[in-house]
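Tertiary structure, described
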Amino acid sequence: MNRHQHHLLHLTYIRTLILFVVCITLVIAVPRLRLQPDLLSTGLCLAALILLNLMTYLRLHSNWPVLDAEFFAQLCADVIIYAALLYQFGGASNPFVFVLLLPLIVCATTLPRRFTLLMALLVAGLYSSLMFNHLPLLDFSAAHQHTLVQLFHQHITGLWISFLLTVGVISVYVVQMRNALIERDQQLGKAREQRIHDRQLLTLATLAAGTAHELRTPLSTLRVVLSDLQQEHPELDADLSLMQQQIDLCNSRLRQLSEEATLSQPQPQRCDLFLSSLLDAWQLMRPQAAYRLTDVLQPAPCIQASMTLQQALINLLNNAADASPDAIEISLTATATDRITLTLRDRGPGLTAEQLANLGKPFFTTKGGLGIGLFLTVTSLATQEGEVRLYNHPGGGTLTEVSLPTCPCDPEEAENV
């Protein structure tokens, strides 16, 4: 629903309440005051109000947005029907004449100034007309005339009921309007944050694409140099082979970046196989890091595996290895019927209050880097309905929890991804 569709919904509530009050008042007042209203005209007014409410209810189920002019027309229809009802029962002398103010209040709180001025002129004109043109509320020529005191008390009672009705409607509507404005402000704030977030991602993606293109030349040069060094210095074969593996890994990463750009969707894969291949690839990058698998979920469900997810988890593994490279505990458990949790626990110094408050923000770092690793991790996981949480473990170090949704898949196909 757009803004005016919510307002139309509230307007149907107000009309329903007024219909109920008018019907109850007629049932009580007609026999007690011995009124003789024009039943045909009164029935037509009530039928018009009911029909307008039904048409509005059907309009709410349409996908077309409600424009200012349409909403103003609805309010004008309301005030005209109310004035027609008041005409049947004493006009401006009717204690329920305050009902004419309700469309004006709604218009003033929802529509631009020009519509409010037009509504004010319409309400003022109708009220002035009802001062001089109306059907009398009581027939004083009848034999059963009421005393002035009785009429005065009944008029005061009607004013009291009308005042309470107006106060109630205004209070409820203003509260609804305030909640709608608060909700709209929150949505605008989220949209603003999302635009900033998307702009930052676009900047990082541009930088990454340029860097990936520029790295191919130096990596090719290093490959040739290492090949020459292996021939000239066979005693350094072990170290040079390790350097060659690292260069091959970088080339593989660049190639995966190009391949990932052509993939339309992540592929289902068993989470234990995905974790195993992830740890193997990470171990090549960080051969000095040591980890221990404390628990692996069995039977293993499937997740949507992708290179972006793999890179997101590698970022978290690197953070844990930077904190304590020789004591990383990894576990894979199920927290719900359709979600799994990957837990990383390091033995580092933990996180300060400032770090906990700024985790996931771009360009915030505590290690002297660029400060985009965790930001990209949070963003990548969010695209797959995942989330990451970091805590200070009571036993020391940092506890990282990654929650991911599971997906149905064929076990044989999942093993071949």
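Okay, so let's go over this structure. Since we're looking at a predicted model, the values are computed, not measured.

Definitions and limits used
- Residues numbered from 1 in each chain as written.
- Predicted model: local features only at pLDDT ≥ 70, side-chain atom pairs only at ≥ 80, totals over all residues.
- Heavy atoms only, no water.
- Salt bridge = Lys/Arg side-chain N within 4 Å of Asp/Glu carboxyl O.
- Helix = DSSP H or I, 4+ residues; strand = E, 2+ residues; numbered from the N terminus.
- Buried < 20%, exposed > 50% of the residue type's maximum accessible area, 1.4 Å probe, protein only.
- Contact = heavy atoms within 4.5 Å.
- Expected span 1.5 Å × (residues − 1).
- Arc of directions from axis to C-beta.
- Pairing = 2+ DSSP bridges.
- Patch = residues over 30% accessible without salt bridge, like charges linked within 9 Å, V, L, I, M, F, W, Y side chains within 5 Å.
- Areas by Shrake-Rupley, 256 points an atom, 1.4 Å probe, with all protein chains shown as cover.
- Phe/Tyr/Trp six-rings, centres within 6.5 Å; stacked < 30°, edge-to-face > 60°.
- Disulfide = S-S within 2.5 Å.
- Core = buried A, V, L, I, M, F, W, Y, C linked by side-chain atoms within 4.5 Å.

Concerning the pattern of salt bridges
Counting across every chain of the model gives 8 salt bridges. R15 serves as the salt-bridge partner of D78, at 2.7 Å between the closest nitrogen and oxygen. Of the two residues, D78 is situated in helix α3 (residues 68–88) and R15 in helix α1 (residues 3–33); the sequence distance between them amounts to 63 residues. Under the relative-accessibility criterion, R15 is labelled buried at 0%.

Re the environment of L226
Along the chain, L226 falls in helix α6 (residues 148–232). Judged by relative accessible area, which is 3%, L226 ranks as buried. A C-alpha to C-alpha distance of 6.6 Å links L226 and L240, two positions 14 residues apart in sequence. When sequence neighbours within four positions are dropped, the list of residues in contact with L226 reads L240, M243, Q244 and I247.

Some details on helix α5 (residues 113–132)
An ideal rise of 1.5 Å per residue puts 28 Å on 20 residues; α5 measures up with 29 Å between its terminal C-alpha atoms. What α5 keeps buried is the set F115, T116, M119, V123 and L130. All buried residues of α5 project into a common sector of 95° when viewed along the axis, lining one side. Every exposed residue of α5 that faces more than 90 degrees away from the buried side is listed here: R113, R114, L117, L121 and F132.

Points about helix α9 (residues 307–323)
The end-to-end C-alpha distance of α9, which contains 17 residues, comes to 24 Å, matching closely the 24 Å that a straight helix rising 1.5 Å per residue would cover. In terms of burial, α9 is a largely internal element, 12 of the 17 residues being buried. Regarding α9, the residues found buried are M307, L309, Q310, A312, L313, I314, N315, L316, L317, N318, A320 and A321.

Focus: the pairing of strand β5 (residues 339–345)
The buried fraction of β5 is high, at 6 of 7 residues. Pairing analysis gives 7 bridges linking β5 to strand β7 (residues 398–405), with the strands arranged antiparallel. Residue pairing for β7: R345 is matched across the bridge by L399.

Focus: a nonpolar patch on the surface
A surface patch of nonpolar side chains, about 490 Å² in accessible area, is lined by L17, F20, I24, V27 and I28. Position of F20 among the secondary structure elements: in helix α1.

A closer look at the packing of aromatic side chains
A complete count under the given rule lists 2 aromatic pairs for this structure. Arranged with centres 5.1 Å apart and planes meeting at 50°, the rings of F72 and F115 form a pair that is tilted. Of this pair, F72 sits in helix α3 while F115 sits in helix α5, and the two are 43 residues apart along the sequence. The exposure classification of F72 matches that of F115, with both residues buried. The interplanar angle of 50° and the centroid separation of 6.2 Å between the aromatic rings of W282 and Y291 together place this pair among those described as tilted. For W282, a relative accessible area of 0% gives the class buried.

Some remarks on the state of the cysteines
All chains considered together, the criterion is met by 0 disulfides. For C76, which is in no disulfide, the shortest distance to another cysteine sulfur is to C107 and amounts to 7.6 Å. Judged by relative accessible area, which is 15%, C76 ranks as buried.

Brief notes about the nonpolar core
Judged by nonpolar contacts, the single largest core of 35 residues is most densely connected at F71, F72, L75, L100, C107, L111 and M119. Every element with two or more residues in this core is listed here: α1, α2 (39–60), α3, α4 (101–110) and α5. When residues in this core are grouped by element, the largest group, 10 residues, is from α3. Residues in contact with L111, not counting those within four places in the same chain, are H4, D68, F71, F72, L75 and T116. Formed by 30 residues, the second largest nonpolar core is a distinct cluster that contains F274, L275, I303 and V402.

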